[in-house]
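# Examining the three-dimensional arrangement
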Amino acid sequence: MGTALVYHEDMTATRLLWDDPECEIERPERLTAALDRLRQRGLEQRCLRLSAREASKEELGLVHSPEYVSLVRKTQVLGEEELQALSGQFDAIYFHPSTFHCARLAAGAGLQLVDAVLTGAVQNGLALVRPPGHHSQRAAANGFCVFNNVAIAAAYAKQKHGLHRILIVDWDVHHGQGIQYLFEDDPSSGCSLGCPARSGWEMLTTWLPSCTCCSHWPLSLTLSWCWSQQDLTQPSGTLRGKCRPRQSASPISHICCRCWPAAGSAPCWSALESIQSARAAQAPYWKSLQLQGQCGQVLGCRIPPQAPCSGYDSELSLDVTPVPTSPSTHSPEGRPPPLLPGGPMCKAAVPAPAPSSLLDQPCLCPAPSVRTTVALTAPDITLVLPPDVIQQEGSALREETEAWARPHESLAREEALTALGKLLYLLDGMLDGQVNSGIAATPASAAAATLDVAIQRGLSHGAQRLLCVALGQLDRPPDLAHDGRTLWLNIGGKEAAALSMFHVSTPLPVMTGGFLSCILGLVLPLAYGFQPDLVLVALGPGHGLQGPHAALLAAMLRGLAGGRVLALLEEDSTPQLAGILARVLRGEAPPSLGPSSVASPEDVQALMYLRGQLEPQWKMLQVRLIAEAWLCPGARLCRRGRWGGQGK
């Protein structure tokens, strides 16, 4: 299974036939430009191409009235003056003789994609469609939208495939009121924020581009996860999440496409107020938001005084400034440097590029020849892997492996040396672009030493920034340089501690809710602020993670480093764990975490303590309100003058 791309060139046929400044931006180039960019980046050929089909009258009727469908059908035979007159009856819309055909293709493309995903033909997909749909209502076109493509797809998935819970994330500069109106009469649905809340199944939030990563992760991902865990008492329905800029009509709204590279930007207070309002409105319906003052009881929640943001950030920046390093000794032919008797000769690192230059570099990489590889010391007949996951047979040269192992006594045994050779071979394949992600095994007694070698090898063979997430009884290698190139996060330490901005340790949360809070509130903000180009996930002795939890962590870290994630397991780990991680690393969804639960007071205290310790160094943690508003219903924005003083 892979990714589907649904498209049909006929959707470029409809166009504006008269002068209308309001509608002229809805043009064929909106579609062709997106397709051209996919082709330029080499993504189109990596997808399974599906041709869009026309949605049938019955399928359109899932959300639209027969009279409205008939009205749009008649536009095929109208002249220009009649089309213009009919268009004037609606808000921000134009009709063309090809509109009915194009709109049916746009709706049908979504249905094609639903069928492909739900029948298992593909894992996921993208439908490039025109005209858009989320403003369209049951009997009215609106905002360039003719048929409500997403609403039709959701209703179709319920009717044909028997789905009960569908998450719709509507990302645009305007509120997709069409989706809201089409679902709000459903007894299993609710109203948007600002209306009398009935079910908590619709969320409307306002945001500014600079705050997207660090503001919306806690609320949006938490609600999405709870929805998948059936955290609501109602048996079925559709969850609709709406994200939109506060300045929805501003000509600067196109900057929203830059919000992800600007991961280090601090969020705007106006956006945080919206997030807090949405959280407060949703809390009665979601167990994971119902800590009922727990955070305040433990920590005495406070809102640090900060100047309000006046609008969009004018500069894009990263959290970390690289430390200049010496020139590389890597040979021009790409061969490793010669080995020294005392151990491997580590190449000096290539000077890290300035943060501003990183923002200009393409984030997408050509597809490696192998997506995921599993390197085990001995084949396990009980290990079940997807067909396209390769079991590695190769190993690094014996002399090279022994040189890397020489400084570590625990790597002297034959089984540890064999495992190290396979790991080095796999890691080189990832650094050379031949493999995207991988899983390696090591004896428990050699886990710490093997991880140390993996870090040193990665840094000396091309990785500029390396993120290591170590779970269990794994200490940071004592000889690891404090040069800002390695971010060490230990989940499973004895106590919460931030020994430096690049060395963080926290106990393993005891509850599923606490684990999710740790990932969303600490690991991901630090990881995206750091922007690594290689990620190591080590499950060491006593890591305590169940398969679904380890899979969720790996899945969330796949968004970093172009998916270059290497998972290091103990040899005595269950084959099921290796199989789950292999499927997640190749792109499958992680399994369910089971029944939802809230974070324990100890988990909340550890998380908030670390955020407080780290926020001066990490921009994505500099607004403590995010975690407090997310974890604590009692926390509220206050004003003193402009910010502070009496409660709102």
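Structure: above.
As a further point, take the overall build of the protein. When its secondary structure is counted, the protein shows 19 helices and 15 strands. Among the 648 residues that make up the protein, the fraction classed as buried is 55%. If you take every contact in the protein between residues at least 6 apart in sequence, the share linking residues at least 24 apart comes to 76%. Of the accessible surface of the protein, which amounts to about 27,500 Å², a share of 54% is contributed by carbon and sulfur atoms.

Here the focus is the pattern of salt bridges. Per the stated rule, a full pass over the model turns up 13 salt bridges. With a shortest N-O distance of 2.9 Å, E26 and R130 are connected by a salt bridge. Of the two residues, E26 sits in the loop between β1 (3–7) and α1 (29–40) while R130 sits in the loop between β3 (124–127) and α6 (149–161), which places them 104 residues apart along the sequence. Comparing E26 with R130 shows no difference in burial state: the two are buried. Among the ionic pairs, E44 bridges to R49, the shortest N-O distance being 2.4 Å.

Here we take up the environment of A589. Its place among the elements puts A589 in the loop between α17 (575–585) and α18 (601–614). Its relative accessible area of 56% is what places A589 among the exposed residues. For the pair A589 and A555, spaced 34 residues apart in sequence, the C-alpha separation works out to 7.5 Å.

Contact geometry for helix α15 (residues 512–530) and helix α16 (residues 547–557): axes closest at 11 Å, N-to-C directions at 25 degrees. On the basis of their axis angle, the class for α15 and α16 is roughly parallel. As α15 packs across α16, the resulting crossing turns out to be right-handed. Across the interface between the two elements, T512, F515, L516, I519, L520, V523, L524 and Y528 of α15 pack against H549, L552, L553, M556 and L557 of α16. Class assignment for the residues of the contact of α15 with α16 results in 11 nonpolar, two polar and no charged.

We now examine the packing of aromatic side chains. The full count for this structure, using the stated rule, is five aromatic pairs. Plain terms: the ring middles of F90 and F95 are 6.0 Å apart, the flat faces sit at 75 degrees to each other, and that makes the pair edge-to-face. Across the pair, F95 and F90 agree in class, each one buried. Put simply, the rings of Y68, F100 and F147 touch in pairs and so form one group of aromatic residues. It is R465 that lies over the ring of F530; its NZ or CZ is 5.8 Å from the centre.

Spatially, β2-β1-β3 is the arrangement adopted by the three strands of the open sheet, whose pairing is parallel. Each having just a single partner strand, β2 (48–51) and β3 make up the two edges of the open sheet. Strand-to-strand twist in this sheet, taken as the mean axis angle between neighbours without regard to direction, amounts to 25 degrees. Here β1 pairs with β2 via four bridges, running parallel. Within β2, the position partnered with L5 by the bridge is R49. Its contacts with the sheet place α1 against β1, β2 and β3, and it is angled at close to 145 degrees to β1.

Below, the discussion takes up the nonpolar core. If you look at the biggest cluster of nonpolar residues, it comprises 59 residues, and the most contacted ones within it are L467, L526 and L557. Of the residues forming this core, the biggest block, 12 residues, is contributed by α15. Setting aside chain neighbours within four positions, we find L467 in contact with L487, L489, A527, F530, P532, L534, V535, L536, L557 and L560. Grouped together as the second largest cluster of nonpolar side chains are 37 residues, V63, A103, V114 and F183 included.

This part takes up the environment of D452. Within the secondary structure layout, D452 lies in helix α14 (residues 447–460). D452 gets classed as buried once you look at its relative accessible area, which sits at 6%. For the pair D452 and P477, spaced 25 residues apart in sequence, the C-alpha to C-alpha distance is 6.0 Å.

This brings us to helix α5 (residues 99–118). Counting along an α-helix, one turn takes 3.6 residues, and residues three or four places apart therefore face a common direction. With 20 residues, α5 should reach 28 Å at 1.5 Å per residue; the first-to-last C-alpha distance of 29 Å fits that figure. The buried count for α5 comes to 15 of 20 residues, which makes it a mostly enclosed element. Looking one or two residues past α5, G120 carries a phi angle of roughly 85 degrees, positive in sign.

It is worth spelling out helix α13 (residues 414–431) at this point. With 18 residues, α13 should cover 26 Å at 1.5 Å per step; its first-to-last C-alpha distance of 26 Å lies within 8% of that length. Most of α13 sits out of view: 14 of its 18 residues are buried. Directly beyond the C-terminal end of α13, a positive phi value near 85 degrees is found at G433.

The next thing to look at is the environment of N124. Within the fold, N124 resides in strand β3. As a C-alpha pair, N124 and G2 span 122 residues in sequence and 6.9 Å in three-dimensional space. Apart from the residues within four sequence positions on either side, N124 is in contact with G2, T3, A4 and V117.

Each neighbour pair has its own omega, and for R130 with P131 the value is 5 degrees, a cis peptide bond. One non-glycine residue, F144, lies in positive phi territory at about 70 degrees. Structurally, F144 can be placed in the loop between β3 and α6. Judged by relative accessible area, which is 18%, F144 ranks as buried. Phi is positive for A561, which is not a glycine, with a value near 55 degrees. Among the secondary structure elements, A561 is positioned in the loop between α16 and β15 (565–570).

Let's shift gears to the pairing of strand β11 (residues 486–491). In terms of residue burial, β11 counts as a mostly covered element, since six of its six residues are buried. Burial along β11 is two-sided: the residues T486, W488 and N490 and L487, L489 and I491 are all buried. Pairing of β11 with strand β13 (residues 503–506), which is carried by four bridges, proceeds in the parallel orientation. Looking across to β13, one finds that L489 is bridged to V504.

To continue, consider a nonpolar patch on the surface. A surface patch of nonpolar side chains, about 270 Å² in accessible area, is lined by L167, V169 and W171. Overall, the relative accessible area of 53% leaves V169 in the exposed class.

What counts as what
- Residues numbered from 1 in each chain as written.
- Predicted model: local features only at pLDDT ≥ 70, side-chain atom pairs only at ≥ 80, totals over all residues.
- Heavy atoms only, no water.
- Helix = DSSP H or I, 4+ residues; strand = E, 2+ residues; numbered from the N terminus.
- Buried < 20%, exposed > 50% of the residue type's maximum accessible area, 1.4 Å probe, protein only.
- Contact = heavy atoms within 4.5 Å.
- Areas by Shrake-Rupley, 256 points an atom, 1.4 Å probe, with all protein chains shown as cover.
- Salt bridge = Lys/Arg side-chain N within 4 Å of Asp/Glu carboxyl O.
- Axes fitted to C-alpha atoms, helices over the stretch in contact; angles between N-to-C directions.
- Parallel < 35°, antiparallel > 145°, perpendicular 65-115°, else oblique.
- Left-handed = near helix turned anticlockwise from the far one by under 90°.
- Nonpolar A, V, L, I, M, F, W, Y, C, P; charged D, E, K, R; others polar.
- Phe/Tyr/Trp six-rings, centres within 6.5 Å; stacked < 30°, edge-to-face > 60°.
- Lys NZ or Arg CZ within 6 Å of the ring centre and 35° of its normal.
- Pairing = 2+ DSSP bridges.
- Core = buried A, V, L, I, M, F, W, Y, C linked by side-chain atoms within 4.5 Å.
- Expected span 1.5 Å × (residues − 1).
- Patch = residues over 30% accessible without salt bridge, like charges linked within 9 Å, V, L, I, M, F, W, Y side chains within 5 Å.

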